[in-house]
Amino acid sequence: MQQILVTLKQKLHKNIFVLSLMTLISVASLFIAAQPSYAVLHSRDKLTSDDRVDRAYQYSEATGFLEEDKQQKSATPNEPFDYSEKANEKTVLNSKENNNDSNLIEKAQDLIQKVTGND
């Protein structure tokens, strides 16, 4: 009888030990995995316009050209771009006034009207 109790006690200790280790690993992984990386967010905002252009050239030459073009067109190149701003109708109309060249779609529409005789 005593042998049975000793065996049960040993099995119970092993089960408690395994359960406590699993709990410890689970809790530790929550703290490790839940930490966000703030380095990427803050480093992008603190870059100067020249640093952004250099970083863009590291990705590809085309990206560097685009970043330079954006920097030259921007009135405030050191401020980060706000992606939440949407293009409104006034901006679109102003860009059409500045760009007098008709695009491919407008040329195709004019050609279709000429062919069909719907002037």
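Novice: Looking at this structure, how should I read the overall build of the protein chain?
Specialist: If you tally the helices and strands in the protein chain, you get six helices and zero strands. Listing each helix as α and each strand as β along the protein chain from the N terminus yields α-α-α-α-α-α. Classification of the 119 residues of the protein chain by burial places 5% in the buried group. Of the accessible surface of the protein chain, which amounts to about 11,300 Å², a share of 59% is contributed by carbon and sulfur atoms.

Novice: Just checking my understanding: could you explain a nonpolar patch on the surface for this structure?
Specialist: A cluster of nonpolar residues, F17, V18, L21, M22 and L24, forms a patch on the protein surface that exposes about 500 Å² of accessible area. Along the chain, L24 falls in helix α1 (residues 2–33).

Novice: Can you walk me through the packing of aromatic side chains in this structure?
Specialist: Given two aromatic rings, one states the distance between the centres and the angle between the planes to describe the pair. One pass over the structure, following the stated rule, counts one aromatic pair. Between Y57 and F65, the aromatic rings sit 5.9 Å apart at their centres with planes inclined by 80 degrees, giving edge-to-face as the arrangement. For F65, a relative accessible area of 45% translates into the label partly exposed.

Novice: How should helix α6 (residues 104–116) be read in this particular structure?
Specialist: Its 13 residues give α6 an end-to-end C-alpha distance of 18 Å, which sits within 8% of 18 Å, the value for a rise of 1.5 Å per residue. Following α6 by one or two positions, G117 has its phi on the positive side, about 80 degrees.

Novice: Which parts of the structure should I look at to understand the confidence of the model for the protein chain?
Specialist: Parts of the prediction with low pLDDT should not have their coordinates interpreted in detail. Per-residue pLDDT for the protein chain has a mean of 76; in total, 64% of the residues score no lower than 70. No element of the protein chain has a lower mean pLDDT than helix α2 (residues 39–46), which averages 57, and none a higher one than α1, which averages 88.

Novice: What's the story with the packing of helix α3 (residues 49–59) against helix α4 (residues 61–73) in this structure? I'm lost.
Specialist: How two helices pack is summed up by the angle between their axes together with the distance between the axes. For the pair α3 and α4, the least separation of the axes is 5 Å and the interaxial angle reads 155 degrees. Accordingly, the angle class assigned to the pair α3 and α4 is roughly antiparallel. Handedness of the crossing formed by α3 with α4: right-handed. Across the interface between the two elements, S49, D50, R52, V53, A56, Y57 and Y59 of α3 pack against E61, T63, G64, F65, E67, E68 and Q71 of α4. When its residues are assigned to classes, the contact of α3 with α4 shows five nonpolar, four polar and five charged.

Novice: Help me out: how do you make sense of the pattern of salt bridges in this one?
Specialist: Two side chains carrying opposite charge are able to pair once their charged atoms lie near each other. Taken as a whole and judged by the stated rule, the model has one salt bridge. A salt bridge links K70 to E67; the nearest nitrogen and oxygen atoms lie 3.8 Å apart. Pair noted here: K70 and E67 are both in helix α4, with a separation of three residues, about one helical turn. The exposure class assigned to E67 is buried, which follows from its relative accessible area of 16%.

Novice: How should I be thinking about the environment of A56 in this particular structure?
Specialist: Inspection of the secondary structure puts A56 in helix α3. With 11 residues separating them along the chain, A56 and E67 place their C-alpha atoms 6.6 Å apart. Setting aside its immediate chain neighbours within four residues, A56 contacts T63, G64 and E67.

Reading the values: the criteria
- Sequence order as written defines the numbering, with residues in each chain counted from 1.
- Only residues with pLDDT of at least 70 are given local features in this predicted model, and only at 80 or more are side-chain atom pairs given and counted; all residues enter the totals for whole chains, interfaces and linings.
- Computation of side-chain values: all heavy atoms of the structure, hydrogens and water removed.
- Strands here mean DSSP runs of E at least two residues long; helices mean DSSP runs of H or I at least four residues long; both are numbered from the N terminus.
- The buried label applies to any residue whose accessible area, calculated with a 1.4 Å probe on protein chains only, is under 20% of its type's maximum; exposed applies above 50%, and partly exposed to all values in between.
- Note on areas: Shrake-Rupley, 1.4 Å probe, and residue coverage restricted to the protein chains presented here.
- In this analysis, a patch consists of residues with relative accessible area above 30% that form no salt bridge, clustered at 9 Å for like charges and at 5 Å for the nonpolar side chains Val, Leu, Ile, Met, Phe, Trp and Tyr.
- Only one rule defines a salt bridge in this text: a Lys or Arg side-chain nitrogen within 4 Å of an Asp or Glu carboxyl oxygen.
- Pairs were defined over the aromatic rings of Phe, Tyr and Trp, the Trp ring being its six-membered one, requiring ring centres within 6.5 Å. Orientation was assigned from the angle between planes: stacked under 30 degrees, edge-to-face over 60, tilted for the rest.
- An expected span of 1.5 Å times one less than the residue number is assigned to each helix.
- Per-residue confidence from the predictor is reported as pLDDT, a score between 0 and 100.
- Working convention: axes come from line fits to C-alpha atoms, limited for helices to the stretch in contact. Angles between N-to-C directions cover 0 to 180 degrees.
- Note on terminology: angles under 35 degrees are roughly parallel, angles over 145 are roughly antiparallel, angles of 65 to 115 are roughly perpendicular, and the others are oblique.
- Here a crossing is called left-handed whenever its near helix is offset anticlockwise from the far helix by less than a right angle, and right-handed whenever the offset is clockwise.
- The contact definition used throughout considers only heavy atoms, calling two residues in contact when any of these lie within 4.5 Å.
- Note on residue classes: Ala, Val, Leu, Ile, Met, Phe, Trp, Tyr, Cys and Pro are nonpolar, Asp, Glu, Lys and Arg are charged, and everything else, Gly too, is polar.

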